[in-house]
Amino acid sequence: MAGLPYIVGNWKMNGTRAMLSEVRAIDRSAARFPKVQVAVAPPATLLYRVRDAVEVIGIGGQDCHAKDSGAFTGDISAPMLKDAGADFTIVGHSERRTLHGESDADVRSKAEAALAAGLAAILCVGETEAERDAGRAEEVVGGQLEGSCPRIDGAPEKLSVAYEPVWAIGTGRVPSVEDVAAMHKSIRDKLVAIYGAGGADVRILYGGSVKADNAAELLSIPDVGGALVGGASLTAESFLAIVGAAASLADD
Ligand code: PEP
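Residues numbered from 1 in each chain as written. Predicted model: local features only at pLDDT ≥ 70, side-chain atom pairs only at ≥ 80, totals over all residues. Heavy atoms only, no water.

*Asks:* Explain the pairing of strand β1 (residues 6-10) to me, using residue names and the numbers behind them.
*Replies:* Here β1 lies mainly inside the structure; five of its five residues are buried. What you see with β1 is no split at all: Y6, V8 and N10 on one side and I7 and G9 on the other are buried throughout. Sheet analysis places β1 next to strand β2 (residues 37-41), joined by five bridges and oriented parallel. By the bridge assignment, I7 is partnered in β2 with V38. As a crossover connection, the stretch from β1 through helix α1 (residues 20-30) into β2 is right-handed. Bridging between β1 and strand β8 (residues 226-229) involves four bridges; their strand directions are parallel. (Buried < 20%, exposed > 50% of the residue type's maximum accessible area, 1.4 Å probe, protein only. Helix = DSSP H or I, 4+ residues; strand = E, 2+ residues; numbered from the N terminus. Pairing = 2+ DSSP bridges. Right-handed = clockwise from strand over helix to strand, strands pointing away.)

Here it is as structure tokens:
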């Protein structure tokens with residue numbers, strides 16, 4: 001697995017101009033951690049402002065439409081995100097899959113649209129608690145990857161996968177180290193099955209209640225290439241503690 005540890009903040013539907021001071025502080029400190037790749041996905045309304053406010057970190061959207069333009073009220077396309085200064089977009093977050101009824105096929109189209117627009121894509125997958133309790137977690141996540149991974153020519157260099165167990169998002173609960181390790185291995189195997197040798201280089205992030213006090217343990221797990229962070233990315237202080245944990249591991 002190649003690349004620096006990748007720590008990405010997902011602000012979800014949080015943030016007005018008042019939060020630009022947080023992103024400036026994140027950016028200033030990220031410059032001190034060159035061994036960590038840091039990024040934030042603010043709400044789309046802030047993309048232009050955040051682009052102007054930062055120099056070091058990446059910035060991204062939280063979703064995109066599969067089409068480039070058209071009669072899709074309220075939606076934002078991948079070329080529009082790119083035009084606003086985004087470097088990447090998240091697709092297939094469980095809140096989109098559940099609350100907006102997005103299917104694997106929808107997510108795949110969005111990921112393909114993002115890559116075609118020159119954005120990197122962070123593709124989210126993850127099982128519900130009922131699916132894990134039924135012993136189906138790896139089967140469910142494997143099926144999501146099968147259905148939603150973009151089909152592209154060559155190695156998917158601009159693709160990351162984020163494993164986010166739905167039951168761990170915003171709950172303060174995290175899977176055991178063994179369960180994360182087993183799932184990331186299973187995701188790796190599936191990516192190699194889909195992409196061939198190039199699948200070995202796709203970064204796999206963990207997401208779900210990552211905080212300062214569990215980040216080092218989670219980021220030390222084999223094949224965990226970074227973290228997608230929700231709640232703890234909303235202040236520079238809590239987000240930078242996670243970035244700092246990643247930097248300490250990278251220094252070892
Ligand atoms: C997320 O929604 O992507 C997420 C990981 O949220 P939290 O860190 O708050 O669990």
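Let us keep going from here.
*Asks:* Lay out the site of the ligand in plain terms, naming residues and giving numbers.
*Replies:* If you check the shell around the ligand, you find 14 residues, and the closest are K12, H93, E164, G170 and S209. Take K12: an N or O atom from its side chain is 2.5 Å from an oxygen atom of the ligand. Between the ligand and E164 there is a distance of 2.7 Å, counted from an oxygen atom to a side-chain nitrogen or oxygen. Protein burial of the ligand: of its 290 Å² of free accessible surface, 97% is covered by the chains. Of the residues contributing to the shell around the ligand, the split by class is four nonpolar, eight polar and two charged. (Near = heavy atom within 4 Å. Polar contact = N/O pair within 3.5 Å; in protein donor to acceptor, adjacent residues only side chain to side chain. Areas by Shrake-Rupley, 256 points an atom, 1.4 Å probe, with all protein chains shown as cover. Nonpolar A, V, L, I, M, F, W, Y, C, P; charged D, E, K, R; others polar.)

*Asks:* Any chance you could break down unusual backbone geometry for me, citing the residues and the numbers?
*Replies:* If you check the backbone angles, K12 has positive phi at about 50° while not being a glycine. Under the relative-accessibility criterion, K12 is labelled partly exposed at 21%. One non-glycine residue, D223, adopts positive backbone phi at about 70°. By the element assignment, D223 lies in the loop between α9 (212-219) and β8.

*Asks:* Let's hear about the nonpolar core: which residues, and what values?
*Replies:* Grouped together as the largest cluster of nonpolar side chains are 68 residues, with contacts concentrated most on I7, V23 and I187. Looking at which element gives the most residues to this core, the answer is helix α10 (residues 236-251), with eight residues. Discounting residues that sit within four places of it in the chain, V23 has contacts with W11, V40, V50, A53, V54 and I57. Counting twelve residues, the second largest nonpolar core, distinct from the first, contains A120, C124, L205 and L228. (Core = buried A, V, L, I, M, F, W, Y, C linked by side-chain atoms within 4.5 Å. Contact = heavy atoms within 4.5 Å.)

*Asks:* Describe the layout of surface pockets, with residues and values.
*Replies:* To locate leftover empty space, one rolls a probe as large as a water molecule over the atoms. Considered as a void within the structure, the largest pocket measures approximately 550 Å³ in volume. Taken together, 20 residues form the lining of the largest pocket, with K12, Q62, D63, R96 and H100 sitting closest to its centre. Broken down by element, the lining of the largest pocket gets its largest block of residues, three residues, from helix α4 (residues 94-99). Of the residues that constitute the lining of the largest pocket, the class distribution is eight nonpolar, seven polar and five charged. Size it by volume and the second largest pocket reaches roughly 340 Å³. Lining of the second largest pocket is provided by 25 residues; of these, A120, E157, K158, S160 and R203 occupy positions nearest its centre. Contributing elements (two or more residues each) for the lining of the second largest pocket: β2, β5 (120-125) and β6 (159-163). Partitioned by chemical class, the residues of the lining of the second largest pocket number 13 nonpolar, six polar and six charged. (1 Å grid on protein atoms, 1.4 Å probe; cavity = no way out; pocket = protein on both sides within 12 Å on 5 of 7 lines; lining within 4 Å. Points joined across faces, edges and corners; volume = space filled by probe spheres on them.)

*Asks:* Before we move on, can you summarise a positive patch on the surface with the specific residues and values?
*Replies:* A surface patch of positive charge is lined by R17, R24, R28 and R49. Its location among the elements puts R28 in helix α1. (Patch = residues over 30% accessible without salt bridge, like charges linked within 9 Å, V, L, I, M, F, W, Y side chains within 5 Å. Salt bridge = Lys/Arg side-chain N within 4 Å of Asp/Glu carboxyl O. Lys, Arg positive; Asp, Glu negative; His and termini not counted. Charge placed at Lys NZ, Arg CZ, Asp CG, Glu CD.)

*Asks:* Outline the sheet that holds β5, listing residues and values.
*Replies:* Pairing between the strands of a sheet is mediated by backbone hydrogen bonds and can be parallel or antiparallel. Read around the closed barrel, eight strands run β1-β2-β3-β4-β5-β6-β7-β8, paired in parallel fashion. The average angle at which neighbouring strand axes cross in this sheet is 25°, direction not considered. One ladder, built from two bridges, connects β2 with strand β3 (residues 58-61); its direction is parallel. Looking at the pairing, V40 lines up with I59 of β3. (Axes fitted to C-alpha atoms, helices over the stretch in contact; angles between N-to-C directions.)

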